[in-house]
Amino acid sequence: MRSCVPIINYLTLTKSRLRFGMCLISLLAGILLLPWGLGGKIRASCTAPSFAATASFSAGTKPYSVAVGDFNGDRKLDLASANPGSGNVSILLGDGTGKFGAAANFAAGTNPASVAVGDFNKDGKQDLAVANSGSRNVSILLGDGTGKFSAATNFAVGTNPVSVAVGDFNKDGNQDLAVANSGTNNVSILLGSATGAFGAATNLAVGTSPTSVVVGDFNKDGNQDLAVANLGSNNISVLLGSATGAFGAATNISIGTVTVGGITAPINAPRTIAVGDFNKDGIQDLVTADAGTNNVNVASSGVTILLGNGIGGFGTPTTFPVASLTVFVAVGEFNGDGNLDVVTATEGTDNVSILLGNGIGGFGAVTNFSVGANAVPTSVAVGDFNGDGKPDVASTNYAPNTVGVLLNTCP
């Protein structure tokens with residue numbers, strides 16, 4: 001087929017006009033159909049999020065944390081759940097249609113509470129890091145690329161480690177770890193090597209009872225920073241990183257109080273934290289899942305948004321109510337409008353809850369989706385499990401020992 005370039009050797013004026021007209025029609029059609037012609041998928045936006053009924057897959061005992069990866073290299077998303085009741089991690093391999101195979105279990109430490117995915121020995125195969133709340137360590141399980149993992153190698157951290165995140169804090173190309181230690185009110189930094197081993201932990205003071213840590217770049221200097229949700233002190237800690245793996249002292253930011261009958265008390269109790277750009281200004285923001293408190297007979301569970309200023313600071317927190325015991329939050333774009341949304345595990349109501357973002361830092365009303373009667377969801381993760389280009393949700397369901405999968409049915 002000839003390309004539509006200027007025609008130099010015309011046989012006749014009529015033929016040249018005909019060919020020019022055909023080229024023009026082809027060009028206009030190509031512009032109109034460009035998203036399909038490039039293999040892209042057009043998503044219409046939904047006024048409300050929609051998901052199919054939850055499909056449940058058996059995991060270990062009391063699954064508490066879920067992460068998404070591709071553990072057997074087939075380009076289909078898989079799931080890993082940390083199971084404190086059975087002291088192991090369950091691997092569920094996905095088939096690309098939203099279904100998952102039987103769990104394969106791999107031993108971790110005592111009471112594994114959090115699992116994260118990385119490539120710690122730089123072999124191109126995904127590995128696991130597991131924070132073990134009962135044994136004061138992090139387990140590293142190296143993947144072989146088939147969905148199987150080596151025996152755990154353990155590295156000491158603080159007391160009651162409950163959250164682990166992956167980053168490259170000293171910019172050496174090796175992945176490092178940040179671990180929130182609820183029992184010692186600090187975060188442990190473990191610098192990685194190219195072999196999957198880690199150096200001794202450096203501990204950084206944060207607030208009281210830190211329960212979640214995430215990695216971001218909050219001052220836009222190209223170095224990775226940390227944000228920590230402190231359940232006990234009702235605040236978040238922001239620690240700005242350097243290119244050496246060192247961090248500055250924590251800046252603590254309160255996320256809200258309430259006054260009832262002349263009594264002022266913290267209301268939010270942040271349990272977990274996530275990073276997103278909720279007002280589309282190119283600066284990273286934070287969202288926390290707030291378990292709430294009844295200190296003054298006020299239930300205040302929900303999510304709190306803190307908009308970043310690009311120099312490491314954050315604006316006034318804004319809280320959006322969800323339900324009792326909102327314990328985990330993750331970020332996705334669920335209705336196709338280009339604005340980031342959030343999904344929460346709401347342990348008190350056996351639901352996952354979706355709040356649609358408006359693109360300027362606000363959120364609409366909550367839509368709830370059941371994960372099963374008495375399911376007790378404790379964490380959520382986002383991925384496209386059936387390959388249709390739409391983000392789906394996975395939840396750990398603590399009571400029936402399952403991982404639930406909710407497939408996005410937004411057009």
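Residues numbered from 1 in each chain as written. Predicted model: local features only at pLDDT ≥ 70, side-chain atom pairs only at ≥ 80, totals over all residues. Heavy atoms only, no water.

Would you mind going over the pattern of salt bridges in detail, with residue names and values included?
One pass over the structure, following the stated rule, counts one salt bridge. Close ionic contact of Asp-388 with Lys-390 constitutes a salt bridge, the shortest N to O distance being 3.6 Å. Among the residues examined, Lys-390 registers a relative accessible area of 13% and is labelled buried. (Salt bridge = Lys/Arg side-chain N within 4 Å of Asp/Glu carboxyl O. Buried < 20%, exposed > 50% of the residue type's maximum accessible area, 1.4 Å probe, protein only.)

Any details on the side chain of Ser-163? Residues and values, ideally.
Here Ser-163 shows up in strand β10 (residues 161-167). By relative accessible area, which is 7% here, Ser-163 ends up buried. Discounting residues that sit within four places of it in the chain, Ser-163 has contacts with Ser-114, Ala-131, Ala-178, Val-179, Ala-180, Thr-211, Ser-212 and Val-213. (Helix = DSSP H or I, 4+ residues; strand = E, 2+ residues; numbered from the N terminus. Contact = heavy atoms within 4.5 Å.)

A description of the nonpolar core should follow, citing residues and the corresponding values.
Ranked by size, the top nonpolar core spans 15 residues in total, and within it Phe-51, Val-343, Val-352, Ile-354, Val-380, Val-393 and Leu-406 carry the most contacts. With three residues, the single largest contributor to this core is strand β26 (residues 351-357). Residues within four places of Ile-354 in sequence aside, it is in contact with Pro-49, Phe-51, Phe-334, Val-342, Val-343, Ala-365, Val-366, Thr-367 and Phe-369. (Core = buried A, V, L, I, M, F, W, Y, C linked by side-chain atoms within 4.5 Å.)

Account for the confidence of the model for the protein chain, with residues named and values stated.
For the protein chain, the mean per-residue pLDDT works out to 87, and 84% of the residues sit at or above 70. Predicted confidence is poor over residues 1-42, with pLDDT under 50, and the contacts of this stretch with residues over four places away or in other chains come to 12 contacts. Every residue in residues 294-298 scores below 50 in pLDDT, and together they form eight contacts with partners more than four places removed in sequence or on other chains. (pLDDT = per-residue confidence, 0-100.)

Account for the environment of Ala-178, naming residues and giving values.
Its location among the elements puts Ala-178 in strand β11 (residues 176-181). According to the relative accessible area criterion, Ala-178 is buried, its value standing at 0%. Put simply, Ala-178 and Val-166 are 12 residues apart on the chain and 6.5 Å apart in space, counted from C-alpha to C-alpha. In this structure, Ala-178 is in contact with Ser-163, Val-164, Ala-165, Phe-169, Val-187, Ser-188, Ile-189, Val-213 and Leu-226, ignoring residues within four places of it in sequence.

Kindly report on unusual backbone geometry, identifying the contributing residues and their values.
Unlike most non-glycine residues, Asn-111 shows phi in positive territory, near 55°. Tracing the chain through its elements places Asn-111 in the loop between β5 (104-107) and β6 (112-118). Residues other than glycine seldom take positive phi values, yet Arg-136 does so here, at roughly 55°. By the element assignment, Arg-136 lies in the loop between β7 (127-132) and β8 (137-141).

Could you give an account of the sheet that holds β5, naming the residues involved and the relevant values?
Within a sheet, each strand pairs with its neighbour through backbone hydrogen bonds, oriented either parallel or antiparallel. The strand order β2-β3-β4-β5 describes an open sheet built from four strands, whose pairing is antiparallel. The sheet is open, and its two edges are formed by β2 (65-69) and β5, each paired on a single side. Averaged over all pairs of adjacent strands, the angle between their axes in this sheet comes to 25°, without regard to strand direction. As paired elements, strand β3 (residues 78-83) and strand β4 (residues 88-92) share five bridges and run antiparallel to each other. Residue pairing across strands places Asn-83 opposite Asn-88, the latter belonging to β4. (Pairing = 2+ DSSP bridges. Axes fitted to C-alpha atoms, helices over the stretch in contact; angles between N-to-C directions.)

How would you sum up the sheet that holds strand β14 (residues 210-216)? Please name residues and give values.
Across the sheet, four strands lie side by side as β14-β15-β16-β17; this open sheet has antiparallel pairing. Strands at the two margins of the open sheet, each flanked by one partner only, are β14 and β17 (251-254). Pairwise comparison of adjacent strand axes, ignoring direction, gives a mean angle of 20° for this sheet. Pairing analysis gives four bridges linking strand β16 (residues 235-239) to β17, with the strands arranged antiparallel. Within the sheet, the bridge partner assigned to Ile-236 lies in β17 and is Ile-253.

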